[in-house]
Amino acid sequence: MAATIEVPVSRPAGPRHRRFPAPTAVGVAVVLAVTAALILIAVWCGLAPAPAGLRTGTPVVVPHPAPGPSGS
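Overview of the structure. This is a predicted model, so every value here is computed, not measured.

### Some remarks on the overall build of the protein chain
Next, step 1: Of regular secondary structure, the protein chain possesses one helix and zero strands.
Next, step 2: The buried share of the protein chain, reckoned over its 72 residues, is 0%.

### Description of a nonpolar patch on the surface
Next, step 1: On the surface, Val-26, Val-30, Val-34 and Leu-38 cluster together into a nonpolar patch covering about 360 Å² of accessible area.
Next, step 2: Its place among the elements puts Leu-38 in helix α1 (residues 22–45).
Next, step 3: A relative accessible area of 55% means that Leu-38 is categorised as exposed.

Criteria and cut-off values
Residues numbered from 1 in each chain as written. Predicted model: local features only at pLDDT ≥ 70, side-chain atom pairs only at ≥ 80, totals over all residues. Heavy atoms only, no water. Helix = DSSP H or I, 4+ residues; strand = E, 2+ residues; numbered from the N terminus. Buried < 20%, exposed > 50% of the residue type's maximum accessible area, 1.4 Å probe, protein only. Patch = residues over 30% accessible without salt bridge, like charges linked within 9 Å, V, L, I, M, F, W, Y side chains within 5 Å. Areas by Shrake-Rupley, 256 points an atom, 1.4 Å probe, with all protein chains shown as cover. Salt bridge = Lys/Arg side-chain N within 4 Å of Asp/Glu carboxyl O.

Okay, here's the thing in structure tokens:
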């Protein structure tokens, strides 16, 4: 007769679900709420207008120096 060794196998009854702790869930909810509020305020009030100085797309004329003597 051969000797057999039985190894006990412990298996959980079902898959275990990890739950977020309550403070973590509350923190995530607060961050999302604040972000949504900031986006709504920015959309409602309108984004800040561009400064009236130089508009984007306006060509800027830059003077070039006069050509020097030949060979320089």
